[in-house]
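# Working through the structure, step by step
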Amino acid sequence: MPRQSETSVPRSAGPASPYNVARWCAGNGWPVHPLAPGRKTPAANCQACRDEPHRPQDCPCHSAGRWCHGFHAATTNLSLLDAWWGSHPTLGVGVSCGPAHLVVLDIDAHSAEVPDRNRLLPGIPIHESVNLAGLASGFDTLALLAALRSQQSPADDDSTLRVRTPSGGLHVWYRTPPEGPRYRSSVGSSPKVALAWQVDVRSTGGYIVTPATRTSAGTYSPVGAARLPAILPDWLATELQRTGHPVNNGTTPVPPPRPVSPRPARQRANRLLEPLLDQVKECAAATQGTAFTEKLNRAAYTAGGLIASGHLTDSQARDLLTAAADAARPHRSRHSLAVITSALSAGASRPLHFKGRP
């Protein structure tokens, strides 16, 4: 079990500096990585990592003490924390959920078109007799799931750390035993792996913004008295199992990229990815009915495979995907970021290698 720190994040975000928050997380056994100042996205890679495609696992920056590749650089090494936040005190703080044995429910409250009732809780048909009037957010779908299981909604679980987000959403933090099952990250809009509509799961392959972190939109503020995650409730573990979230710890390691020259590989990667990005951008022609999420998910999944095979860097992929998503849905950046993060992680499990001549 990760060591639980005797310190706690302050109830008021004011006195909690990013450096102190990072040390608090490390004291709890949660690896942390820097976020860009005033933002909820990872700090930028070094120039070499931007220019030369390679897998995060092979990056020499980590052994050199640099934070490249987002949550892949997360650490509990206090010397690195001193160096990172000591030199750059305005960096935010993210926690890599998988190594921290965390499962965080990210409940969204942004305005969105409500899908068909049978897509609200994947795998659970909702009878026409159930009145869904007023349902508008992840708070509602999670409460519906909990009610169907005769349980309290996690949004109301005052036994665990809960963090209000600047957009009005809520992060509900839980932990799992080190020897327990591992779960994959997902987005609530996913047609394949989702817990509930507008409820994202942050775990293996994902990160979460820490309480007391400030962004241009506001501060991530703890709710209630609990300052540490409780053990994941059994009923939620069952739901994650049902919806396909467990990670197979016996999966085959990702093979190294083939020894091909960077230029042809990058050209092939661009030829494969560009049509998918164009489909995302074309969604700008209409505000709905364009399957925007599915198209962005497909593009990001493909990009994840290209990253894993060394044909594209994580930062290059995120820049391309974010630009396409913002062109189509400029007011849904938070949703787009969640889709991109989840799909990149899923795509990384299937590296894309090219055969034959370019």
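Refer to the preceding data block for the structure.
Below or above, wherever it landed, is the structure these notes cover. Here the structure is a predicted model, which is why all the values come from computation and not from measurement. (Residues numbered from 1 in each chain as written. Predicted model: local features only at pLDDT ≥ 70, side-chain atom pairs only at ≥ 80, totals over all residues. Heavy atoms only, no water.)

## Observations concerning the overall build of the chain
In terms of helices and strands, the chain carries 9 helices and 11 strands. Residue pairs at least 24 apart in sequence account for 74% of intrachain contacts in the chain once pairs closer than 6 positions are excluded. Roughly 16300 Å² of accessible area belongs to the chain as shown, and the carbon and sulfur atoms make up 52% of that amount. (Helix = DSSP H or I, 4+ residues; strand = E, 2+ residues; numbered from the N terminus. Contact = heavy atoms within 4.5 Å. Areas by Shrake-Rupley, 256 points an atom, 1.4 Å probe, with all protein chains shown as cover.)

## A look at the sheet that holds strand 1 (residues 32–35)
The strand order across the open sheet formed by 3 strands is 1-2-7, and the pairing between neighbours is antiparallel. Each edge of the sheet is formed by a strand with only one pairing partner; in this case those strands are strand 1 and strand 7 (207–209). Sheet twist, expressed as the mean angle between neighbouring strand axes with direction ignored, is 35 degrees. One ladder, built from 4 bridges, connects strand 1 with strand 2 (residues 92–96); its direction is antiparallel. Within the sheet, the bridge partner assigned to leucine 35 lies in strand 2 and is glycine 92. Contacts from helix 3 (residues 78–87) reach strand 1 and strand 2 within the one sheet, and its direction differs from that of strand 1 by about 10 degrees. (Pairing = 2+ DSSP bridges. Axes fitted to C-alpha atoms, helices over the stretch in contact; angles between N-to-C directions.)

## Side note on the pairing of strand 5 (residues 170–175)
Across a regular strand the side chains alternate sides, sitting on one face of the sheet and then on the other. With 6 of 6 residues buried, strand 5 is to be regarded as a mostly interior element. Residues Leu170, Val172 and Tyr174 line one face of strand 5 and the alternating positions His171, Trp173 and Arg175 line the opposite face, and both faces are buried. Strand direction decides the pairing type here: strand 3 (residues 102–107) and strand 5, joined by 6 bridges, are antiparallel. Following the sheet pairing, valine 104 is matched in strand 5 by tryptophan 173. Pairing geometry for strand 4 (residues 162–164) and strand 5, over 3 bridges, is antiparallel. (Buried < 20%, exposed > 50% of the residue type's maximum accessible area, 1.4 Å probe, protein only.)

## Regarding the nonpolar core
Grouped together as the largest cluster of nonpolar side chains are 32 residues, with contacts concentrated most on Cys25, Trp30, Val32, Trp85, Val95, Leu102 and Trp173. Where this core is concerned, the elements lending two or more residues are helix 1 (18–27), strand 1, helix 3, strand 2, strand 3 and strand 7. At 5 residues, the largest contribution of residues to this core is made by helix 1. Contacts of valine 32, omitting those with residues within four sequence positions, involve Ala22, Cys25, Ala73, Ala74, Thr75, Leu81, Trp84, Trp85, Val93, Gly94 and Val95. Ile124, Leu132, Trp197 and Trp235 belong to the second-largest nonpolar core, a separate cluster that totals 28 residues. (Core = buried A, V, L, I, M, F, W, Y, C linked by side-chain atoms within 4.5 Å.)

## Things to note about the state of the cysteines
A complete count under the given rule lists 0 disulfides for this structure. A disulfide-free cysteine, cysteine 46 has its sulfur positioned 3.6 Å from the sulfur of cysteine 68, the nearest such atom. (Disulfide = S-S within 2.5 Å.)

## Observations concerning the pairing of strand 6 (residues 199–202)
The side-chain alternation of strand 6 yields two buried faces, one formed by Val199 and Val201 and the other by Asp200 and Arg202. Taken together, the 4 bridges between strand 3 and strand 6 define a ladder with antiparallel strand orientation. In the strand pairing of strand 6, valine 104 is matched with arginine 202.

## What to know about the pattern of salt bridges
Here the structure, examined in full by the defined rule, presents 6 salt bridges. Across the pair aspartate 106 and arginine 202 runs a salt bridge whose closest N-O atoms are separated by 2.9 Å. Of this pair, aspartate 106 sits in strand 3 while arginine 202 sits in strand 6, and the two are 96 residues apart along the sequence. Each member of the pair aspartate 106 and arginine 202 is classed as buried. The partner of arginine 242 in a salt bridge is glutamate 239, and the shortest N-O contact between them spans 2.8 Å. Of this pair, arginine 242 and glutamate 239 both sit in helix 5 (residues 234–242), 3 residues apart, roughly one helical turn. The exposure class assigned to arginine 242 is partly exposed, which follows from its relative accessible area of 35%. Through salt bridges that share partners, Arg149, Glu239 and Arg242 make up one connected network. (Salt bridge = Lys/Arg side-chain N within 4 Å of Asp/Glu carboxyl O.)

## Description of the packing of helix 7 (residues 292–308) against helix 8 (residues 314–328)
One can describe the packing of helix 7 onto helix 8 by two numbers: an axis separation of 10 Å at closest approach and a directional angle of 170 degrees. It follows from the interaxial angle that helix 7 and helix 8 lie roughly antiparallel. Contacts from Phe292, Leu296, Ala299, Ala300, Ala303 and Ile307 of helix 7 reach helix 8 at Asp314, Ala317, Leu321, Ala325 and Ala328. For the contact of helix 7 with helix 8, the residue count by class is 10 nonpolar, no polar and 1 charged. (Parallel < 35°, antiparallel > 145°, perpendicular 65-115°, else oblique. Nonpolar A, V, L, I, M, F, W, Y, C, P; charged D, E, K, R; others polar.)

## Points about the packing of aromatic side chains
Summed over all chains, the structure comprises 4 aromatic pairs. Taking the centre distance of 6.1 Å and the plane angle of 80 degrees together, the rings of tryptophan 67 and tryptophan 84 count as edge-to-face. Taken together, the residues tryptophan 67 in the loop between helix 2 (47–51) and helix 3 and tryptophan 84 in helix 3 connect sequence positions 17 residues apart. Tryptophan 67 sits in the buried class, given a relative accessible area of 18%. Since its relative accessible area comes to 3%, tryptophan 84 is described here as buried. These aromatic residues form a ring-pair network of at least three members: Trp24, Trp30 and Trp173. (Phe/Tyr/Trp six-rings, centres within 6.5 Å; stacked < 30°, edge-to-face > 60°.)

## Some remarks on unusual backbone geometry
Phi is positive for histidine 101, which is not a glycine, with a value near 60 degrees. By relative accessible area, which is 16% here, histidine 101 ends up buried. Unusually for a residue other than glycine, glutamine 198 sits at a positive phi of about 65 degrees. If you trace the backbone, glutamine 198 turns up in the loop between strand 5 and strand 6.

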